[in-house]
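A closer look at the structure
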Amino acid sequence: MTTVTAPATVPARARTSPFSGVNPTFVRYELRRRFNRQTTVFTLLLPAVLYLALFRTAPAHGTLPHGNFAAWMMIGLAVYGAAMAATSSAATISVERSAGWMRTIALSPLAPPGYLLVKVVCSVVMAAVPVAIVGVLGALTGAHTSTEVWVTSLLVAWLGAAVFAALGIAMGLVMKPEVVMHMPGLTMTALAFLGNLFIPLSGTMLEISRYTPMYGVSTLARYWLTDGYTFSGEHSSLAGAVCNIAAWFAGFSFMAIRRFAKSTGRN
C-alpha cells in the first residue's frame, strides 16, 4: 500500500505596509540616541548666541505690522535652530551605515517610509529645544508681538524642521562619517543666509532666496508678523511659501527613501 504524503504548504510572503516595523520601542531608542549631551548643548548654544548678537541690528528704515525687529530675528533664529537640530541626525545615520547597521535593518520588517517617519519625528521632537530657548530669550530681551503671532510663528518654526530632518537623513545615507560631521552646520548656515534668516534681503538676493529650502519655512513662520512684507516693502506670498516647503520636503524625502532602499537592498 502506497502512502501519499501531501506537499508541505509554504506560507505566502506577508504583505507589509509602507510603515511596517514602526513601533514605540524603536521610537524610544531613536530619541535616547538623539538627546546626547554634545548634540543637545550645541543646538542650545548656537541659536541663542546668534540671537543675542543680532536682535538689535534692525534696519535704519523699516517697520513691521505686528511687532518689532527683535521678534523678526527671534523667529528667524528659531527656524535656524530647529533646522540645525533636525539635520544633526546626519552624523549618527552615517556612522550607522558605515558600521553595517543597515544590513541589520534589512533583516527587519522596517520599510523605507517607516524608517523616514521615525527619523523625521525624532528630529522634530529634538528641534523643539532650540525653538523654546530662542522664544524665552525673545521674551527676556524685548521681542514684541501679539500672543497669537508668537505662538503661531514658533509653532511653524518647530514643525518646519521636518523639511531639514529629511535633508539630514539623506545626507547621512550618502556621505561618509568623516565628511558628514561638518556638513550639516555649514549647509544650514549657508541656507540660512540665503533663506532671509539673519539679515533682511531685498532685490535680486530676495528673488534668489525664494527658491532655497529655508525661504518657505522662514516666510511662513514670519507671515503673521509681517503680513508677507519685507523691510524694503517687497511682498512674499503665503502660497509661494507653502509650495516651497512642500516641494523641498518631497524632494528631500524622496532622496532619503531611495538611499535607504539602496543601502538595505529594499525595493
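The structure reproduced in this document is the subject of the present report.

In this fold, Ala190 is placed in helix α10 (residues 183–194). Taking the relative accessible area as the measure of exposure, Ala190 reaches 40% and is therefore partly exposed. Put simply, Ala190 and Met214 are 24 residues apart on the chain and 10.0 Å apart in space, counted from C-alpha to C-alpha.

For helix α8 (residues 161–174), with 14 residues, the first-to-last C-alpha span of 20 Å sits near the 20 Å given by 1.5 Å per residue. For α8, the buried fraction is high: 13 of the 14 residues fall into the buried class.

By the element assignment, Ser94 lies in helix α4 (residues 89–98). If near-sequence neighbours (up to four positions away) are discounted, Ser94 is found in contact with Gly172, Met175, Lys176, Pro177 and Val180.

The next point concerns helix α6 (residues 112–140). An α-helix turns once every 3.6 residues. As a result, residues three or four positions apart point the same way. In this model α6 runs 43 Å from its N-terminal to its C-terminal C-alpha over 29 residues, within 8% of the 42 Å that 1.5 Å per residue would give. Among the residues trailing α6, Gly142 stands out with phi positive, at a value near 95 degrees.

By the secondary structure assignment, Leu194 is in helix α10. In this view, Leu194 contacts Leu201, Met205, Ser209 and Thr212; residues no more than four positions away in its chain are not counted.

The subject of this paragraph is the packing of α6 against α8. Relative orientation of the contacting elements α6 and α8 amounts to 125 degrees, with a least axis distance of 9 Å. Comparing their axes, α8 and α6 come out oblique. You can see that α6 and α8 cross each other, and the crossing is right-handed. Here Tyr115, Leu116, Lys119, Val120, Ser123, Val124 and Ala127 of α6 come into contact with α8, specifically with Ala161, Ala162, Ala165, Ala166, Ile169 and Leu173.

Once that is clear, we can look at the nonpolar core. Where a protein is soluble and globular, its nonpolar side chains tend to be buried together. Residues Tyr51, Tyr115 and Met188 are the most contacted members of the largest nonpolar core, which totals 72 residues. The leading source of residues in this core is helix α3 (residues 69–87), at 16 residues. Dropping the residues within four chain positions of it, Tyr51 is found in contact with Ala70, Met73, Met74, Leu77, Leu137, Gly138, Thr141 and Ala143.

Turning our eyes to something else, we now look at unusual backbone geometry. If you check the backbone angles, Asn196 has positive phi at about 70 degrees while not being a glycine. With respect to the element layout, Asn196 can be found in the loop between α10 and α11 (203–209). Of note, Asp227 is a non-glycine position whose phi angle comes to about 60 degrees, a positive value. Within the secondary structure, Asp227 is located in the loop between α12 (213–226) and α13 (238–264).

This paragraph deals with the packing of aromatic side chains. For the structure on display, the rule yields nine aromatic pairs. Judged by centre distance (5.8 Å) and plane angle (50 degrees), the rings of Phe69 and Phe231 are tilted. Here Phe231 lies in the loop between α12 and α13 and Phe69 lies in helix α3, a separation of 162 residues in the sequence. Using a relative accessible area of 8% as the deciding quantity, one classes Phe69 as buried. Judged by its relative accessible area of 14%, Phe231 falls in the buried class. An aromatic cluster is present here, built from Phe69, Trp72 and Phe231 joined pairwise through their rings. Across the ring face of Trp72, the terminal group of Arg222 is positioned such that the distance to the ring centre comes to 3.6 Å.

Okay, a nonpolar patch on the surface next. Side chains of Val22, Phe35, Leu117, Val121 and Val125 sit close together on the surface and give an oily, nonpolar patch of about 340 Å² of accessible area. For Phe35, the position within the fold is in the loop between α1 (24–34) and α2 (37–54).

Let us look at the side chain of Ser153. For Ser153, the position within the fold is in helix α7 (residues 147–159). We classify Ser153 as buried; its relative accessible area is 0%. For Ser153, the side chain forms a polar contact with the main-chain oxygen of Val149, separated by 2.8 Å. The residues touching Ser153, leaving out its near neighbours within four places in the chain, are Ile75 and Ala221.

About the criteria used
Residue numbers restart at each chain and count upward from 1, following the sequence in its written direction. Totals for whole chains, interfaces and linings use all residues, but because this is a predicted model, local features are given only for residues with pLDDT of at least 70 and pairs of side-chain atoms are given and counted only at 80 or more. Each side-chain value is worked out from all heavy atoms of the structure, with water and hydrogens disregarded. Counting from the N terminus, the helices are the DSSP runs of H or I reaching at least four residues and the strands are the DSSP runs of E reaching at least two. Think of it in three bands: with a 1.4 Å probe and only protein chains considered, a residue is buried below 20% of the maximum accessible area for its type, exposed above 50%, and partly exposed in between. Here, expected helix span is obtained from the residue count minus one, scaled by 1.5 Å. The contact definition used throughout considers only heavy atoms, calling two residues in contact when any of these lie within 4.5 Å. Interaxial angle, 0 to 180 degrees, is taken between N-to-C directions of lines fitted to C-alpha atoms, where a helix line uses only the stretch in contact. Roughly parallel covers angles under 35 degrees, roughly antiparallel covers those over 145, roughly perpendicular covers 65 to 115, and oblique covers all other angles. Here is the rule for handedness: rotate from the far helix to the near one, and if that takes an anticlockwise turn smaller than a right angle the crossing is left-handed, while a clockwise turn gives right-handed. What we call a nonpolar core is a set of buried Ala, Val, Leu, Ile, Met, Phe, Trp, Tyr and Cys residues that are connected through their side-chain atoms within 4.5 Å. Put simply, two rings from Phe, Tyr or Trp (the six-membered ring, in Trp's case) pair if the centres are within 6.5 Å, and we call them stacked under 30 degrees between planes, edge-to-face over 60, tilted for the rest. Remark: a charge is flagged as sitting over a ring if the NZ atom of Lys or the CZ atom of Arg is within 6 Å of the ring centre and within 35 degrees of the ring normal. To count toward a patch, a residue needs a relative accessible area over 30% and no salt bridge; like charges are then connected within 9 Å, while nonpolar side chains (Val, Leu, Ile, Met, Phe, Trp, Tyr) are connected within 5 Å. Note on areas: Shrake-Rupley with a 1.4 Å probe; residue coverage comes only from the protein chains shown. By definition, a salt bridge exists where a carboxyl oxygen of Asp or Glu is found within 4 Å of a side-chain nitrogen of Lys or Arg. In the analysis that follows, any N or O atom pair within 3.5 Å is treated as a polar contact, provided that within protein one partner can donate a hydrogen and the other can accept it, and provided that, for residues neighboring in sequence, both atoms belong to side chains.

That is the geometry; function is a separate question.
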